[in-house]
Protein chains: 2
Amino acid sequence: MSEALERAVKEIPPKSADLSAWYTAACLKGELVSYSPVRGCVVLRPYGFGLWENLQRELDARFKATGHENAYFPLLIPESLLVKEAEHVEGFAPEVAWVTQGGSEELTERLAIRPTSEAIVGTMYAQWVESYRDLPILINQWANVVRWEKATRPFLRTMEFLWQEGHTAHASAAQAREETLKILDVYRDFAENVAALPVYFGKKSAGERFPGAAETFSIEALMPDGKALQSGTSHDLGQNFARAYDIKFVDADRTIKYAYTTSWGVSWRMLGGLIMAHGDDRGLRIPPKMAPIEAVLIPIVRSNDRRAVEACTSLSARLSDAGFRVRVDARDEQPGWKYSEWDVRGVPVRIEIGPRDVEAQTVVMARRDRDKGEPGQRESIALDDVPTALRETLADIQRSLYAQAKAFLEAHTYVTTGRDEFFDLCRTRAGMVDIAWCERAECEANVKAATAATTRVVRPLAEIGLACVACGEPAKARAYFAQSY
Amino acid sequence: MSEALERAVKEIPPKSADLSAWYTAACLKGELVSYSPVRGCVVLRPYGFGLWENLQRELDARFKATGHENAYFPLLIPESLLVKEAEHVEGFAPEVAWVTQGGSEELTERLAIRPTSEAIVGTMYAQWVESYRDLPILINQWANVVRWEKATRPFLRTMEFLWQEGHTAHASAAQAREETLKILDVYRDFAENVAALPVYFGKKSAGERFPGAAETFSIEALMPDGKALQSGTSHDLGQNFARAYDIKFVDADRTIKYAYTTSWGVSWRMLGGLIMAHGDDRGLRIPPKMAPIEAVLIPIVRSNDRRAVEACTSLSARLSDAGFRVRVDARDEQPGWKYSEWDVRGVPVRIEIGPRDVEAQTVVMARRDRDKGEPGQRESIALDDVPTALRETLADIQRSLYAQAKAFLEAHTYVTTGRDEFFDLCRTRAGMVDIAWCERAECEANVKAATAATTRVVRPLAEIGLACVACGEPAKARAYFAQSY
């Protein structure tokens, strides 16, 4: 988007009318991002970076609690390393940005800016691992990656993005699979309990697998337009990368074996998911656990009576000390203008203090998740009760946003056995369409060609003897189909 | 260093005999870094990344306490943006890695991997700033940068490195200068009170200034070989970058003005400084506040008596709950072998628990900062007293490492008025050589040609009428001269 167009976004269009226009406007007016003059790249502004910091803190604590450590691997990967795993390079080569000059020197070998780090991590693990005693290696990296893209959409599709990528090596296939599923559950837990995004989770079909993986698992959220958003992936790489990069170890039985590796990632795409899922016509609604600012305090100043400002400042200090993320907005603007600005930015709770509140030792607390005039949207509270009330209100908003998204997902999940209905639901972006499926690549390709939908996740079949709803061949699994971002 | 050579580093050579060989061996054997197959790039291993995380946590808290927020700007900078500030591009062009291909596409304009971000940040600030009400902007970024280098030395000189770069914009020259000095003091405070590195701080000479800056300030530590290490820089950019990138605002008096900007950075080079300053012949000695592991607990197991392991595990849980960073080493190896391994890695305190300790409800606590046999190096302590004793011991080690480095700096700071002595001290890398100086670029160039030393920082002259010790012209300042990394 040009700078002129960006400045022209004065109003956020209704979310229901045009989700795509609403999304872009909400991201820009909420000051999460700015478009940059660099093709395909956005700037993550302080408020957007605040979201990322909360994601980092929450996920990082979960990684460490499950025994992982952080490390940092080089950004630039020589082409000769990248090409060692054949499927991997085939999958990523079209998306690679290449460094060919350093200073005034032409390089003899091109360097890829990492699109992902399996190649360099595998190379290093081969050096570090000698014996089964060196395993498992459980490492995560917070990093930027680059994938050459034509389109730009804040968080959802950008040339450079921020993510975390975990890379582990194990002595057995069972341990690698256990790790893959453990992380999938960390992602599910984070999505549901922090980002307030209910997800379906499970195995990807062969066609949707990570290039070079033995098996890919993912979590999938549903957006308001009925399209799925893959929000985190966890790959069991089997011995594919260990063979390509020569990660061998002497096992307890003294034989030399290839290690089993995994990789897994969540990117800032997750932020796009929570923005799109929770926002409303007034702008962002950020789940409290992800909110850079949990509550904004707004003094209402009448005729030079500054006591409301002092009351806000003193309450803010108390709340900060109690561990809340708060901000006082004492700018010289009309309160109504400020209310609407903080509504756009999705701050969960607004605390208003006017002259009468100062007299009465009260505040007015307003919830961003409810509409104006809705019961409980705006309430007067005794000053002394604010910390307790704020804690309860934030928890209630977190629950409420999750419940709304969960109700939406359930209302837009269709179990069907009719072929025509299945194709119709897929074509019209009705949501997650759950069928008995044959697991054949040809069938998935046919559905995609006819409807633009693909499998999102696949799970075991509970009944036997069913036919694939899409093609009539014997069913081997249940699958959610949906169009996707 | 080749992989073969890396593996061949079996012993750490004495620090006093060959600082350079000691440094490389200590970084590798301490498992802080590995050399990578990517030219000029090292891998920061989990233990090394733990150091970086502590630096990040401590500095980030100080930035936020002084009103700064984090954000993220694109990695790739179009050449046309980079060239806008003439001195800046002249300074950095020889060090830039250029992306010229994306996927299969040849780019019409080269993209620089950021060597630093003034160009892209300035471009964005020009979009964000309209009125004096939008100022100041106080933003920091944690990021990777690339500067094309021939040599590789862990932390001190690598092609890619991690750093933080602050970028601020202000309405007046006085505010920009105040910011520059405020950050310089944050850096000094961090270096002295966290990294235990005493530093000299002040203005750089014109010849040592950041390309495009109006004034550069730095903190300078002294390494054991008598060379200085510039460990953090803070630049007052005046209006140079605001003019180049068109950062203008309407001031309160309704006139349009260019903003005043600053930038400032600390990189993982600071880690190299603390490794080199504090280590000894046995390996690393990490200041407790920076230590990824403050105390390692080692059970001494005799003939299948596992009670020592249980005692370590239970004490470790108690210490973790009390906020200490601890690890139990219950590997099936000889205690002496483990002691020496954790000595190499510089863990400040070792806690040993043997069968007799289990009976007596005691532990043995050993300090890494003292030599074997030195009074107080190894003491028996009642189990109940461990948390208190550990807290005191860590604080004492922190103080002691700082005091040793401070004594070294003071012993190797020479105030001289004799020209021959000055040149001798510079040539022989005696340390920081403090003279009255003329501030002339020609004089600095002459000293450099004759001795390899340059000015480190310059400060006001207290007396009048002095002559420059190096050249005899009228002195205008005092300056520390030293050879430097």
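Since the structure is predicted, the reported quantities are computational estimates derived from the model, not experimental observations. All residue numbers refer to position in the chain's written sequence, counted from 1. Starting at A for chains and at 1 for ligands, labels are handed out in the order in which the entities are written. Local features in this predicted model are restricted to residues whose pLDDT is 70 or higher, and side-chain atom pairs enter the listing and the counts only when it is 80 or higher, whereas totals over whole chains, interfaces and linings include all residues. The side-chain quantities take in all heavy atoms of the structure and omit both hydrogens and water.

A. Just the relation of the copies chain A and chain B, in detail. All copies are superposed by least squares; the fitting set is the C-alpha atoms of residues with a pLDDT of at least 70 in both. Once turned by 180° and shifted 0.0 Å along the axis, chain A lies on chain B with an RMSD of 0.0 Å. Such values leave the two copies arranged in the relation of a two-fold axis. Rotation axis and chain A: the residue whose C-alpha lies nearest the axis is V99 of chain A, separated from it by 2.1 Å. Throughout, a contact is declared for two residues whenever any of their heavy atoms are within 4.5 Å. Counting the interface residues of chain A, we find that 100% of their copies in chain B are interface residues as well, pointing to one common contact surface.

B. Representation of the environment of L229 of chain B within the structure. Residues and elements named next belong to chain B. By the secondary structure assignment, L229 is in strand 11 (residues 228-236). Here the alpha-carbon distance between L229 and G273, two residues 44 residues apart in the chain, equals 6.9 Å. Ignoring sequence-local partners within four residues, the contact set of L229 consists of L156, I219, E220, A221, M223, R269, G273 and Y485. A run of H or I in DSSP counts as a helix once it spans at least four residues, and a run of E counts as a strand once it spans at least two, with each numbered from the N terminus.

C. Inspection of the sheet that holds strand 5 (residues 97-102) of chain B at higher detail. Being paired, for any two strands, means DSSP has found at least two bridges between them. Overall, antiparallel pairing links the six strands, which are arranged 4(A)-6(A)-5(A)-5(B)-6(B)-4(B) in an open sheet. Strands with a single pairing partner mark the edges of an open sheet, and in this sheet they are strand 4 (76-78) of chain A together with strand 4 (76-78) of chain B. Going from strand to strand, the sheet's axes swing by 45° on average, the running direction of each strand aside. Where strand 4 of chain A lies against strand 6 (residues 105-113) of chain A, three bridges are found, and the strand directions are antiparallel. Structural elements are reduced to axes, namely lines fitted to C-alpha atoms, with helices fitted over the stretch in contact, and the angle between N-to-C directions of any two is expressed from 0 to 180 degrees.

D. Up close: the interface of chain A and chain B. Listed as interface residues are 62 residues of chain A and, on the opposing side, 62 residues of chain B. For any pair of parts, buried area is found by adding up, for both, the accessible area (1.4 Å probe) each one loses once the two are put together. For the pair chain A and chain B, the summed buried area comes to about 4800 Å², and 58% of that belongs to carbon and sulfur atoms. For the chain A face of the interface with chain B, the top three residues by lost area are P46, Y72 and Q127 of chain A, together amounting to 13%. Salt bridges, as used here, are contacts in which a Lys or Arg side-chain nitrogen is within 4 Å of a carboxyl oxygen on Asp or Glu. On inspection of chain A and its partner chain B, the count reaches eight salt bridges. The closest approach of N and O atoms between E53 of chain B and K64 of chain A, which form a salt bridge, is 2.9 Å.

E. Main features of the environment of M432 of chain B. Relative to the helices and strands, M432 of chain B resides in strand 21 (residues 432-437). Taking the C-alpha atoms as reference, M432 of chain B lies 12 Å from Q230 of chain B; in sequence the two are 202 residues apart.

F. Main features of helix 2 (residues 19-29) of chain A. Residue and element names in this part refer to chain A. Exposure is judged per residue with a 1.4 Å probe applied to protein chains only, and the accessible area is read against the type maximum: over 50% gives exposed, under 20% gives buried, and values in between give partly exposed. Burial analysis of helix 2 places eight of its eleven residues in the buried class, the great majority of the element. Those residues of helix 2 not exposed but buried are L19, W22, Y23, T24, A25, A26, C27 and L28. E31 lies just past helix 2 and shows a positive phi near 60°.

G. Looking closely at unusual backbone geometry. Residue and element names in this part refer to chain A. Between L135 and P136 the backbone carries a cis peptide bond, its omega angle lying at -5°. Within the secondary structure layout, P136 lies in the loop between helix 6 (118-128) and strand 7 (137-146). At Q361, a residue that is not glycine, the phi angle is positive and equals roughly 55°. Here Q361 lies in the loop between helix 12 (355-360) and strand 18 (362-367). Judged by relative accessible area, which is 46%, Q361 ranks as partly exposed. Positive phi, close to 75°, is recorded for A452, a residue that is not glycine.

H. Structural view of the packing of aromatic side chains. Residue and element names in this part refer to chain B. Pairing of aromatic side chains here covers Phe, Tyr and the six-membered ring of Trp, requires ring centres within 6.5 Å, and sorts the geometry by plane angle: under 30 degrees stacked, over 60 edge-to-face, intermediate tilted. Following the criterion strictly, the structure yields 28 aromatic pairs over all chains and no others. Pairing Y200 with Y480 gives two aromatic rings, centres 4.1 Å apart and planes at 10°, and the pair type is stacked. You can see Y200 sitting in strand 9 (residues 200-203) and its partner Y480 sitting in strand 23 (residues 477-482), a full 280 residues away along the chain. In this pair, the class of Y200 matches that of Y480, namely buried.

I. Looking closely at the domain arrangement of chain A. Residues and elements named next belong to chain A. Partitioning chain A into structural domains gives domain 1 (7-278), domain 2 (293-393) and domain 3 (413-482). Just the C-alpha atoms count here: the centres of domain 1 and domain 3 sit 27 Å apart. Every contact between the two is made by 17 residues of domain 1 and, on the other side, 14 residues of domain 3. Between domain 1 and domain 3, a total of about 1300 Å² is buried, with carbon and sulfur atoms accounting for 56% of that surface. Linking domain 1 with domain 3 are three salt bridges, by the criterion used here. Between R456 and E208 there is a salt bridge whose closest N-O contact spans 3.6 Å. Looking at the side of domain 1 that touches domain 3, the elements with two or more residues in it are strand 9 (200-203), strand 10 (215-222) and strand 11 (228-236). Domain start and stop positions are those given by an automatic or database domain assignment.

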